[in-house]
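Here's the letter readout for the chains.
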Amino acid sequence: MKTIDNQKIHKLDHQYVLHSWAKQKGIHPKIIKKSHGIYFWDEGGKKYYDMCSQLVYLNVGHQHPKLIEEFKHIGEIPLAAPGFATASKAELARKIIEVAPRNMAKVFFANGGADSNDHAIKIARMVTGRYKVFSRYRSYHGATFGAGNLSGEGRRFLVEPGIPGFIKFETPYLYRAPVDFKSDEEATAFYLNRLKNQMLYEGPDQIAAVFMETIPGSNGVLIPPKGYMEGVRKLCDQFGILMICDEVMSGFGRTGKMFAVDHYDFEPDMITFAKGVTSGYSPLGGVMVSKTIAAYFDDHVLMTGLTYSGHTVSTQIGCATLDIYQDEHLIEHAEAMGEVLAGRLERLRTYQSVGDVRHIGLFATVELVKDKKTKEPIIAYGMDYGKDKAGLMAKFIGMLTENGFYTYSHESSVMIAPPLVITEQEINEALDIFERVLSEFESTVLFADQSVISK
Ligand SMILES: Cc1ncc(COP(=O)(O)O)c(C=O)c1O
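Residues numbered from 1 in each chain as written. Predicted model: local features only at pLDDT ≥ 70, side-chain atom pairs only at ≥ 80, totals over all residues. Heavy atoms only, no water.

Draft legend 1. Geometry of the pattern of salt bridges. Tallying each qualifying case throughout the model produces 23 salt bridges. Between Lys226 and Glu185 there is a salt bridge, with its nearest N and O atoms 3.5 Å apart. Here the residue Lys226 occupies a position in the loop between strand S7 (207–213) and helix H8 (228–239), and Glu185 occupies one in helix H7 (residues 184–202), the gap between them amounting to 41 residues. For Arg344, the salt bridge is made with Asp432, and the minimal N-O distance between the two is 2.8 Å. Here Arg344, found in helix H11 (residues 330–347), pairs with Asp432, found in helix H13 (residues 424–446); they are 88 residues apart in sequence, far enough to count as distant. Assessed through its relative accessible area of 6%, Arg344 is described here as buried. Using a relative accessible area of 39% as the deciding quantity, one classes Asp432 as partly exposed. Shared partners join several salt bridges into a network, and the residues in it are Arg176, Glu346, Arg349, Asp356, Arg358 and Glu367. (Salt bridge = Lys/Arg side-chain N within 4 Å of Asp/Glu carboxyl O. Helix = DSSP H or I, 4+ residues; strand = E, 2+ residues; numbered from the N terminus. Buried < 20%, exposed > 50% of the residue type's maximum accessible area, 1.4 Å probe, protein only.)

If you want it as structure tokens, here you go:
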């Protein structure tokens, strides 16, 4: 492609490109001119710590030399429609199953996260002959019609009135729980009881699947209480319901284990994935299915498909990405760096505006509040996506960006999910920036009036 100067890029972008989740007027997208590891540089030469791995996908970091090298070999394996077998598709499926929970057997490849979830819904309906699907409030599963209907937050409203039979239940969100639980076990019993009742009210023999992000990501890294995931598994088994875990964001090392389900003692019937499988270097997603489901399709037609299912380029990049996780011990590294990050985040609890911090591996969030006692959020529920443009959260994210700490927020939670290659020194440098900005935000914006009063 010919080189285009920055001014022209901005002009063309403004004139021809529709940007997601934004009013087009008033947005000024930066251009990434250079990137490396956990850093990128904009057109003005300003350097940023990429503390959200773009959209939590660049697990191996920017411009990984082994992936750049792999791209030089693109074209050596012929492109092939889904009906053909290719070396990269077969090998990537094998590699994924090798690192997946032991009950997993086969992979259906899709293009990204949302359509992977759409396919998991269809597979669950085919296998069970049932149509209802349970998913949770405070979840995000993608922007297509099916995945959009699964999602338990405001980005769903556009696809409503929704698909009949899509039922929502509550995610354990202990920081804002309706009850002051004395222990994880108490919380788990409470939420499982409610879920069981909801299943009974909906007719358990009508429910095809329970769909969950193992750890909801965008909605604030909501880590399940002890025993909860295992309890959902038991309920599903009791009623013949399939359990599907969306690991689009949490998979491939993000939480310090290969998949977030590996932190718990259960096996789902399907796992959907995307992002980390190629580290986003080429779009790819998929659905892993259990041995039982795989066997079902030995004698039943898999009534679904996609032109690019198992696309040669993406699966080739996927193979190279999985090799990097293994060769560079990135999952173990993420676990170790998760400890360092956890130490820094726990320190933030002393700040007046920090309501909660939640972290597992390199998957973390800082939840900001206006008042620690009342837990009044920085931004009212449902006020994301342009409605809070001039609001406090937008201001805080803007200040972080100005200071070279790049990330995004959802509701009152700030995402912290750097590339898994981050070092201890880089975590400390980035968190120094975060703390400095947080102090400034508190004194000049959030509690500015109070400091005037106290003076
Ligand atoms: C948990 C989860 N599922 C699904 C998706 C949708 O993925 P995609 O944007 O690739 O369709 C996302 C996107 O962030 C996600 O976080």
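Structure's up, so let's keep going.
Draft legend 2. Representation of the sheet that holds strand S2 (residues 39–42) in the model. Pairing is mixed across the open sheet formed by four strands, whose spatial order is S1-S2-S3-S14. Edge strands, defined here as strands with exactly one partner in the open sheet, are strand S1 (32–36) and strand S14 (405–406). Pairing analysis gives two bridges linking strand S3 (residues 47–50) to S14, with the strands arranged parallel. Bridging across to S14, Asp50 finds its partner in Tyr406. (Pairing = 2+ DSSP bridges.)

Draft legend 3. Highlighting the domain arrangement of the protein chain. Each domain of the protein chain was delimited in the assignment, giving domain 1 (6–60 + 329–454) and domain 2 (70–327). For domain 1 versus domain 2, the separation of C-alpha centres amounts to 26 Å. Taken together, the 37 residues of domain 1 in the interface contact 40 residues of domain 2. Buried area between domain 1 and domain 2, both sides added, is near 3200 Å², and the carbon and sulfur share of it is 59%. The three residues of domain 1 that bury the most area against domain 2 are Ile331, Ile360 and Phe363, which together make up 21% of that side's buried surface. Seen at the junction of domain 1 and domain 2, the total is one salt bridge. In this structure, the salt-bridge partner of Glu367 is Arg176, at a minimum N-O distance of 2.9 Å. There are 21 residue pairs in polar contact (both at pLDDT 80 or more) connecting domain 1 and domain 2. Looking at the side of domain 1 that touches domain 2, its residues break down into 23 nonpolar, nine polar and five charged. (Domains from an automatic or database assignment. Contact = heavy atoms within 4.5 Å. Buried area = accessible area lost by both parts, 1.4 Å probe. Polar contact = N/O pair within 3.5 Å; in protein donor to acceptor, adjacent residues only side chain to side chain. Nonpolar A, V, L, I, M, F, W, Y, C, P; charged D, E, K, R; others polar.)

Draft legend 4. Seen up close, the packing of aromatic side chains. What the rule picks out here adds up to 17 aromatic pairs. When the centroid spacing of 4.9 Å and the interplanar angle of 15° are considered together, the rings of Phe40 and Tyr48 count as stacked. Each member of the pair, Phe40 as well as Tyr48, is classed as buried. Through a chain of ring-to-ring contacts, the aromatic side chains of Phe109, Phe252, Phe259, Phe273 and Tyr325 assemble into a single cluster. (Phe/Tyr/Trp six-rings, centres within 6.5 Å; stacked < 30°, edge-to-face > 60°.)

Draft legend 5. Main features of the sheet that holds S7. Taking strand neighbours across the sheet as the criterion, the seven strands line up as S4-S10-S9-S8-S7-S5-S6 in an open arrangement whose pairing is mixed. Two strands lie at the open edges of the sheet, namely strand S4 (104–110) and strand S6 (166–169), each paired on one side alone. Taken pair by pair, the neighbouring strands of this sheet meet at an average axis angle of 20°, ignoring direction. Alignment of S7 against strand S8 (residues 242–246), held across five bridges, turns out to be parallel. By the bridge assignment, Phe211 is partnered in S8 with Ile244. (Axes fitted to C-alpha atoms, helices over the stretch in contact; angles between N-to-C directions.)

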